[in-house]
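Chain by chain, the residues run as shown.
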Amino acid sequence: MSTAVAEAKAEYLRALPGDDVRQILWRFADRFDLQLLVQSVRAVARGPVARLVAAGARNTHEWTPEKDSLLKAFDESGVTGVFMEPAQGGFIEGPKNLALALTAFELAWVDAGAATGSLAGCLALSPIHERGTPEQRDYYMARCAPDPANPDHKPWRGAFCLTEPIPYVGVETGLLGGKVRIADWPEGGEPVLHVEKRGRFITNSGFANFVTAAVESDDPRIKGTCMVILEEADPGVFDRGTPTRKLVHQLSSTRDPIFNLKVPASRIVGGYSIVDGVIVPKYSHGEIIEAVFRRTRVTVAIMTSAKLLSAIEPVIRYHRSRFRGGTIASPGSPRYELGLQLKEDAVHRLVDVWAAGEASASLGFAAARVFDQLDPLERALPAGAFRGKSRRQVEKEAIAFLHGQRPELSEDPVIQYAILDSVANVLCPACKLWNTGHGAQMMREAVSLMGGYGITEDCPGFLGHKWMDAQLEATYEGPEAVQRRQLSVTMTSELFLAQFRDWIRDMRSIANERPGTGACALASAMQMWLWTLQHLLKTTDADGQKLYQGARQGVTFPLADALCWLLASRSQILDLLELEKQGPANPALAEALPGLVAFFTDLCHVETARAAGEVGRICSSLVFGYNRHPAWDTEGCAACYQSQDLEAMESLIPGIASVARGYADVIEADGSHPLKAGPCVRFAGLDQFARLRVRLDGCLTGSGLAHDRAAEALTKVMIPEALDYPA
Ligand SMILES: Cc1cc2nc3c(=O)[nH]c(=O)nc-3n(C[C@H](O)[C@H](O)[C@H](O)COP(=O)(O)OP(=O)(O)OC[C@H]3O[C@@H](n4cnc5c(N)ncnc54)[C@H](O)[C@@H]3O)c2cc1C
């Protein structure tokens, strides 16, 4: 064990982690532009946004003037401009995924509807940003950028319109009901398109000046599908539709709009060519939304992380003050000072919420950083991306590079892009799925720790609202099934798995150096996951049906879930190591660092134990669940008991040994019976898995003690007198 961690064990967490800590953990300690952005967004979140929520603005789904005033606050604080390039009126150079993630985090700390409202504008621009023509980019970015020098300038707002009324687009994005036809094609001139599109649940509809809409050709002179840009002044119908009667995210505007408009063909996102008299859009709607969502889903994931972490302070305050003021506790007494924190379960559960919040933030920000690295690589990709090589060939070379066999490929943009892309393709759906899905469940835990208060509008930190809102984050931009479906494909990429094997080796080394982090349990769980994936890929079920295949969501989806637990814990441990490494360089942290490191180490251990438990449960049920037990038809289940310690079982459940022995006698008499070989695992040929499972359970050693220590730290940590935003 490193000395730093050993010494830190004696220390407790002094105060809740502040910006200094977050900047190191999430790697923006050297980015002053992002630090300023965080401060600026925080002022809006804990000011105007919090005041609106406290004043009950969430009680209506109408877009009120009060809610509308937030847009101006976003413009003035820089929230609106985060997405744009400096030349377009923005202020952040280079890739902006981390910047957008931090923006979402700060806003969702108070209200994720506000975060969604601001980010939906970026979502509307994203198709143009990712795949638009240079002219489209310049035109729309310039219109949407606020102009601080000109207070009368009203930036344009946008909406992204993919989802359609049932039975069309939802999870299945290919079922397009929106249509595009040629209304007019003057000789030698630009075609005019007739676009009919109805939207369902479209954010920003209440005020959008333009919409990026997905449509399908209904004309033999247009090929396939595309996205088109619609403007409110276009001739025809631009009907904002009825407001969605939402239960959540009330600080954003959501409606079911109807569009029936004539627009020039130059509004096709990315442009088009004309081949044999047919308009061929450069990008299908599918290609565009893939490029868009893989980035924007990360920011959604971060919203739920913010909620979990924002719950810690209000819950601690509520617990500590729960028994003050009565006659039963006098100042200075444990009951007065600690209140509900005297009850182990209350603090243990809050530790679980905190650990999940840290892990999910670590995963989400890690994903945002990967996209920041990926963006310039993507833009630098030579035309015809893989230069005539098949994806398989590129994967092969990239794996050879990772194995140290082709060092010269370190400068090859295609190979470097492919390596990072395979990770991004996993991290994005993983954080969207786990942060929001598991996050929504953990938000319920946080709410429950506030008792009845938790489900009232008065709950400090708006925890009840946040719990409900988390379910929307799990749903929009593709519900959990979409993320699981994507993961079940991307996580089997050999290039990703080659890196995953490296990660297991790294985690083993970390376990040697920092056993207190739970890295050992994590490495064992990662190994078990990999073993299970490989087993399922080559095995059939008891009826001879292939186990790992697209249609078999009962197999692929749980395995995708299991991977998310591993990735989240891994990110959390890597962030802790960063804090330990970089923390000493910050004099403001010097005194508090040992306590912080000790506490974060325990949180990692708590989370890895939970992750290992989940992974063990999921893998076992997949590995065993699709076998048929050979004894059931002949001997029944109790036959398995013959291999167990009957005396120990008898002391626990009197009479059980004789039941089991009865079967054992039958088996003894029949020398050929497979149960003679031992427990179920033997005859299923799964003893290797069973050994992994036993090892994994052993790796949980000490995790309960870490839980205790973290819980104790919660009883000692200093918190401010009052929350810094209104209740
Ligand atoms: C407040 C709000 C704001 C929104 N904002 C926007 C916006 O700005 N722009 C926009 O385009 N859309 C927006 N949406 C729509 C949102 O993205 C969709 O609701 C979401 O993608 C799910 O589509 P659906 O509701 O049609 O669910 P469905 O397609 O009906 O699916 C319902 C459920 O069925 C299951 N399921 C469906 N398909 C599969 C499958 N293949 N495999 C396994 N299970 C499956 C899943 O459990 C899924 O959650 C918003 C929605 C809300 C509620």
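The structure presented is a predicted model; accordingly, all values stated were derived computationally and were not measured.

How each quantity is defined
Residues numbered from 1 in each chain as written. Predicted model: local features only at pLDDT ≥ 70, side-chain atom pairs only at ≥ 80, totals over all residues. Heavy atoms only, no water. Helix = DSSP H or I, 4+ residues; strand = E, 2+ residues; numbered from the N terminus. Buried < 20%, exposed > 50% of the residue type's maximum accessible area, 1.4 Å probe, protein only. Areas by Shrake-Rupley, 256 points an atom, 1.4 Å probe, with all protein chains shown as cover. Lys, Arg positive; Asp, Glu negative; His and termini not counted. Charge placed at Lys NZ, Arg CZ, Asp CG, Glu CD. Near = heavy atom within 4 Å. Polar contact = N/O pair within 3.5 Å; in protein donor to acceptor, adjacent residues only side chain to side chain. Nonpolar A, V, L, I, M, F, W, Y, C, P; charged D, E, K, R; others polar. Core = buried A, V, L, I, M, F, W, Y, C linked by side-chain atoms within 4.5 Å. Contact = heavy atoms within 4.5 Å. Phe/Tyr/Trp six-rings, centres within 6.5 Å; stacked < 30°, edge-to-face > 60°. Pairing = 2+ DSSP bridges. 1 Å grid on protein atoms, 1.4 Å probe; cavity = no way out; pocket = protein on both sides within 12 Å on 5 of 7 lines; lining within 4 Å. Points joined across faces, edges and corners; volume = space filled by probe spheres on them. Axes fitted to C-alpha atoms, helices over the stretch in contact; angles between N-to-C directions. Parallel < 35°, antiparallel > 145°, perpendicular 65-115°, else oblique. Left-handed = near helix turned anticlockwise from the far one by under 90°. Salt bridge = Lys/Arg side-chain N within 4 Å of Asp/Glu carboxyl O. Disulfide = S-S within 2.5 Å. pLDDT = per-residue confidence, 0-100.

Draft legend 1. Structural detail: the overall build of the chain. A tally of regular secondary structure across the chain gives 24 helices and 10 strands. If you line up the chain on its principal axes, its C-alpha atoms span 90 × 70 × 50 Å. The buried share among the 727 residues of the chain stands at 57%. As displayed, the chain offers around 29,900 Å² of accessible surface, 54% of which is attributable to carbon and sulfur atoms. In the chain, which carries 75 positive and 87 negative side-chain charges, the distance between the mean positions of the two groups comes to 1 Å.

Draft legend 2. How the structure looks around the environment of alanine 55. Relative to the elements of secondary structure, alanine 55 occurs in the loop between helix H3 (32-54) and helix H4 (65-77). Take alanine 55: its relative accessible area is 66%, and that puts it in the exposed class.

Draft legend 3. Broad picture of the site of the ligand. The immediate surroundings of the ligand are formed by 22 residues, with Phe160, Thr163, Arg200, Phe201 and Thr203 found nearest. One nitrogen or oxygen atom from the side chain of glutamate 172 is found 3.0 Å from a nitrogen atom belonging to the ligand. Take arginine 200: an N or O atom from its side chain is 2.6 Å from an oxygen atom of the ligand. For the ligand, the accessible surface in isolation is 980 Å², of which the surrounding protein chains cover 70%. Elements with a minimum of two residues in the shell around the ligand: strand S1 (158-161), strand S4 (202-203), helix H14 (463-475) and helix H15 (480-490). Broken down by class, the residue content of the shell around the ligand amounts to 10 nonpolar, 7 polar and 5 charged.

Draft legend 4. Layout of the nonpolar core. Ranked by internal contacts, the top residues of the largest apolar core, which has 193 residues, are Phe500 and Trp529. Apart from the residues lying within four places of it in its own chain, the contact partners of tryptophan 529 are Met491, Leu497, Phe500, Leu559, Ala562, Leu563, Leu566, Val615 and Cys619. Formed by 22 residues, the second largest nonpolar core is a distinct cluster that contains Val180, Val195, Leu261 and Val263.

Draft legend 5. Fine view of the packing of aromatic side chains. Following the criterion strictly, the structure yields 23 aromatic pairs and no others. For the pair phenylalanine 238 and phenylalanine 259, a centre-to-centre distance of 5.0 Å together with 65 degrees between the ring planes defines the contact as edge-to-face. Highlighted residues: phenylalanine 238 in strand S7 (residues 236-243) and phenylalanine 259 in strand S8 (residues 254-264), separated in sequence by 21 residues. Residue phenylalanine 238 is classed as buried on the basis of its relative accessible area of 17%.

Draft legend 6. How the structure looks around the pairing of strand S3 (residues 192-198). Direction of pairing for strand S2 (residues 179-184) relative to S3: antiparallel, over a ladder of 5 bridges. Among the inter-strand pairings, isoleucine 182 is bridged to a residue of S3, identified as leucine 193. Here S3 runs beside S8; their pairing, made up of 7 bridges, is antiparallel. Pairing of leucine 193 across the sheet is with valine 263, part of S8.

Draft legend 7. Structural detail: empty space enclosed by the protein. Inspection of every chain in the model, using the stated rule, returns 7 cavities of 30 Å³ or more. Computed from the structure, the largest cavity encloses a volume of approximately 180 Å³. In terms of lining, the largest cavity is formed by 18 residues, of which the most central are Thr80, Ser118, Gly121, Cys122 and Arg157. Counting residues per element, the ones that place at least two in the lining of the largest cavity are H4 and helix H6 (112-131). A per-element tally of the lining of the largest cavity places H6 first, with 5 residues. Of the residues belonging to the lining of the largest cavity, the class tally is 10 nonpolar, 6 polar and 2 charged.

Draft legend 8. Just the packing of H6 against helix H7 (residues 134-144), in detail. Orientation of H6 relative to H7, taken along the N-to-C sense of each, is 150 degrees, at an axis distance of 9 Å. As summarised for this structure, H6 and H7 are arranged roughly antiparallel, according to the angle between their axes. In this structure, H6 crosses over H7, and the sense of that crossing is left-handed. Taking contact as the criterion, the partners of Leu125, Ile128 and His129 in H6 are, on H7, Gln136, Arg137, Tyr140, Met141 and Cys144. Per-class residue counts for the contact of H6 with H7 are 5 nonpolar, 2 polar and 1 charged.

Draft legend 9. Representation of the side chain of glutamine 499. Within the element layout of this structure, glutamine 499 appears in helix H16 (residues 494-513). A polar atom in the side chain of glutamine 499 sits 3.2 Å from the backbone oxygen of isoleucine 419. One polar contact links the side chain of glutamine 499 to the main-chain carbonyl oxygen of leucine 495, over a distance of 3.1 Å. Leave out the neighbours within four places in its chain, and glutamine 499 touches Leu402, Ile419, Ser422 and Val423.

Draft legend 10. Quick peek at H15. Residues of H15 that are buried include every one of Val482, Gln483, Arg484, Leu487, Ser488 and Thr490, and no others. Against the buried residues of H15 lie helix H8 (285-310), helix H13 (413-448), H16 and helix H18 (553-582).

Draft legend 11. Geometry of the pattern of salt bridges. Per the counting criterion, the structure on display carries 50 salt bridges. When the shortest N-O distance is used, the salt bridge between arginine 42 and glutamate 106 registers 2.9 Å. Residue arginine 42 is found in helix H3, and its partner glutamate 106 is found in helix H5 (residues 97-110); the two are separated by 64 residues along the sequence. Relative accessible area serves as the criterion here: at 4%, glutamate 106 is assigned to the buried category. The structure contains a network of salt bridges with shared partners spanning Glu130, Arg131, Arg294, Arg295, Asp375, Glu378, Arg379 and Asp421.

Draft legend 12. Representation of the packing of helix H17 (residues 519-538) against H18 in the model. For the pair H17 and H18, the least separation of the axes is 10 Å and the interaxial angle reads 155 degrees. Compared by their axis directions, H17 and H18 come out roughly antiparallel. Crossing of H17 over H18 shows left-handed handedness. Contacts between H17 and H18 involve Ala519, Leu522, Ala525, Met526, Trp529, Thr532, Leu533 and Leu536 from the former and Val555, Leu559, Ala562, Leu563, Leu566, Ser569, Arg570 and Ile573 from the latter. Its residues assigned to classes, the contact of H17 with H18 shows 13 nonpolar, 2 polar and 1 charged.

Draft legend 13. Fine view of the environment of leucine 559. Mapped onto the fold, leucine 559 is located in helix H18. Apart from the residues lying within four places of it in its own chain, the contact partners of leucine 559 are Met491, Trp529, Thr532, Leu533, Leu536, Tyr548, Ile618, Cys619 and Leu622.

Draft legend 14. Summary view of the state of the cysteines. By the definition in use, this model includes 0 disulfides. No disulfide involves cysteine 122; its nearest neighbouring cysteine sulfur is the one of cysteine 144, lying 9.5 Å away. With no disulfide partner, cysteine 699 has as its closest neighbouring cysteine sulfur the one in cysteine 520, 3.6 Å distant. With relative accessibility at 12%, the residue cysteine 699 sits in the buried group.

Draft legend 15. Summary view of the confidence of the model for the chain. A residue-level look at the chain finds 91% of positions with pLDDT of 70 or above and a mean pLDDT of 92. Confidence drops under pLDDT 50 across residues 1-9; counting only partners more than four residues distant or on other chains, this segment forms 17 contacts. Confidence drops under a pLDDT of 50 for residues 673-679, and excluding neighbours within four residues, the segment shows 18 contacts in the predicted structure.

Draft legend 16. Looking closely at unusual backbone geometry. Omega for the bond connecting isoleucine 166 with proline 167 falls within 30 degrees of zero, at 20 degrees, which places this linkage in the cis form. Considering the arrangement of structural elements, one finds proline 167 in the loop between S1 and S2. Of note, the phi angle at histidine 249 is positive, near 40 degrees, even though the residue is not glycine. If you trace the backbone, histidine 249 turns up in the loop between S7 and S8. Classification of histidine 249 as buried rests on a relative accessible area of 0%.

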